[in-house]
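Architecture and fold: a report
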Amino acid sequence: HLAAAGLTITPERSMAFRFSSPYQQVTQDLIYRRSDSKPDSIDDLANRRIVVLANSSHAEHLARLQQDHPQLQWDAIPNATALYLLQQVNEGKADLAVMDSNVFLSYRNLFPELRKAFEIKQSEPLAWAFSATQDASLFTMAELFFSQENESGALEALQVRFFGHRDFDYV
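Owing to the predicted nature of the structure, the values given are computational and were not obtained by experimental measurement. (Residues numbered from 1 in each chain as written. Predicted model: local features only at pLDDT ≥ 70, side-chain atom pairs only at ≥ 80, totals over all residues. Heavy atoms only, no water.)

1. Examining the overall build of the protein chain
Here is the rule: Secondary structure elements follow DSSP: runs of H or I no shorter than four residues count as helices, runs of E no shorter than two count as strands, and numbering proceeds from the N terminus. Only protein chains enter the accessibility calculation, which uses a 1.4 Å probe. A residue is then buried if its area is under 20% of the maximum for its type, exposed if over 50%, and partly exposed in between. Any two residues having at least one pair of non-hydrogen atoms within 4.5 Å are treated as being in contact. To measure how exposed things are, a 1.4 Å probe is used in the Shrake-Rupley method; for residues, cover is taken only from the protein chains shown. Only four residue types enter the charge count, namely Lys and Arg as positive and Asp and Glu as negative; His and the chain termini do not. Note on charges: their place is set at NZ of Lys, CZ of Arg, CG of Asp or CD of Glu.
Helix and strand counts for the protein chain stand at six helices and seven strands. The N-to-C order of helical and strand elements in the protein chain reads β-α-β-β-β-α-β-α-β-α-β-α-α. By principal-axis analysis of the C-alpha atoms, the protein chain measures approximately 50 × 40 × 25 Å. Expressed as a percentage of its 171 residues, the buried residues of the protein chain come to 37%. The long-range fraction of contacts in the protein chain, counting pairs at least 24 apart against all pairs at least 6 apart in sequence, stands at 78%. For the protein chain, the accessible surface area stands at approximately 9,600 Å², while carbon and sulfur atoms represent 52% of it. Here the protein chain contributes 15 positively and 22 negatively charged side chains, and the mean placements of these two sets differ by 5 Å.

Shown next as structure tokens:
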């Protein structure tokens, strides 16, 4: 009845789903291994093995970027997790991974050799997704929930608790 799985609101998804009010903003980050040369632009990605989750907003965005950068190639890994993608880069089995900024921050301490090269896409909202065709009562209740959580400050407190203290010290 609802998907609350860190979904970004994209034009493609908006055609199929109804989204709640956003609860967080994230960017799509390009992750690389510290010992490798840091890419500075999309043009620097030619001949590098990039991994993304299959059927993700990251794969959708790379497909749009490929129209202007035909040399851009990537592997969309089905049934993978962000942790798996980071392991691939960390072990040198992939050169780069694309993932949401909040996800990388969640795993940052597990992979001290990995770094963010740059954002391949500007900030996007995360929201819950609902069926666009079914009864809107659950969607309405979710909107009420987010409104109350925002007004009380509880949503901001949760974001600070889980994402606010993610300073990484390599040493």
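2. Topic: the packing of aromatic side chains
Defined as follows: For Phe, Tyr and Trp, rings pair up if their centres lie within 6.5 Å, where Trp contributes its six-membered ring, and each pair is then called stacked (planes under 30 degrees apart), edge-to-face (over 60) or tilted (otherwise). For a ring to carry a charge above it, either NZ of a lysine or CZ of an arginine must fall within 6 Å of the ring centroid while also lying within 35 degrees of the normal to the ring plane.
A full pass over the atoms with the stated rule returns five aromatic pairs. A centroid spacing of 4.7 Å and a plane angle of 65° characterise the contact between W128 and F146, whose relative ring orientation is edge-to-face. Linking W128 in strand β7 (residues 114-131) with F146 in helix α5 (residues 137-152), this pair joins segments that are 18 residues apart in sequence. Relative accessible area serves as the criterion here: at 21%, W128 is assigned to the partly exposed category. Residue F146 is classed as buried on the basis of its relative accessible area of 2%. The ring of F139 carries the charged tip of R18 above its face, separated from the ring centre by 5.3 Å.

3. What to know about the pairing of strand β3 (residues 24-33)
Going by this rule: Two strands qualify as a pair provided that DSSP identifies no fewer than 2 bridges between them.
Of all the ten residues making up β3, nine are buried; the element is thus mostly covered by neighbouring parts of the structure. In this sheet, β7 lies alongside β3 in antiparallel orientation, the contact comprising nine bridges. Within the sheet, the bridge partner assigned to I31 lies in β7 and is K116.

4. Topic: the pattern of salt bridges
Once their charged atoms are close, side chains differing in charge can pair, the charge on each being opposite to the other. Which entries qualify depends on this criterion: Just to be clear on terms, a salt bridge is a Lys or Arg side-chain nitrogen sitting within 4 Å of an Asp or Glu carboxyl oxygen.
One pass over the structure, following the stated rule, counts eight salt bridges. Across the pair K116 and D29 runs a salt bridge whose closest N-O atoms are separated by 3.9 Å. Placement of the pair is K116 in strand β7 and D29 in strand β3, with a sequence separation of 87 residues. Relative accessible area serves as the criterion here: at 36%, K116 is assigned to the partly exposed category. Of the charged contacts, one joins E113 and R34 as a salt bridge, the two residues approaching to 3.3 Å between their closest N and O atoms. In this pair, E113 sits in the loop between α4 (101-107) and β7 while R34 sits in the loop between β3 and β4 (50-53), placing the two residues 79 residues apart along the sequence. The class of E113 is partly exposed, set by a relative accessible area of 27%. For R34, a relative accessible area of 42% translates into the label partly exposed. One network of salt bridges, with partners in common, ties together D29, K116 and E119.

5. Thoughts on the environment of M15
Assignment of secondary structure puts M15 in helix α1 (residues 11-16). Spatially, the C-alpha atom of M15 lies 8.4 Å from that of A132, the residues being 117 residues apart in sequence.

6. Focus: the layout of surface pockets
For clarity, the threshold we go by: For each structure, a 1 Å grid was placed over the protein atoms alone; sets of points admitting a 1.4 Å probe that cannot get out are labelled cavities, open sets with protein on both sides within 12 Å along at least five of seven lines are labelled pockets, and lining residues have an atom within 4 Å of a point. Grid points are joined across faces, edges and corners, and a volume is the space filled by probe spheres set on the points. Note on residue categories: nonpolar means Ala, Val, Leu, Ile, Met, Phe, Trp, Tyr, Cys or Pro, charged means Asp, Glu, Lys or Arg, and polar means any other residue, Gly included.
Empty space within the largest pocket amounts to approximately 290 Å³. What lines the largest pocket is a set of 16 residues, and nearest its centre among them are A5, G6, L53, H58 and D100. At four residues, strand β1 (residues 2-8) tops the list of elements feeding residues into the lining of the largest pocket. Of the residues belonging to the lining of the largest pocket, the class tally is seven nonpolar, seven polar and two charged.

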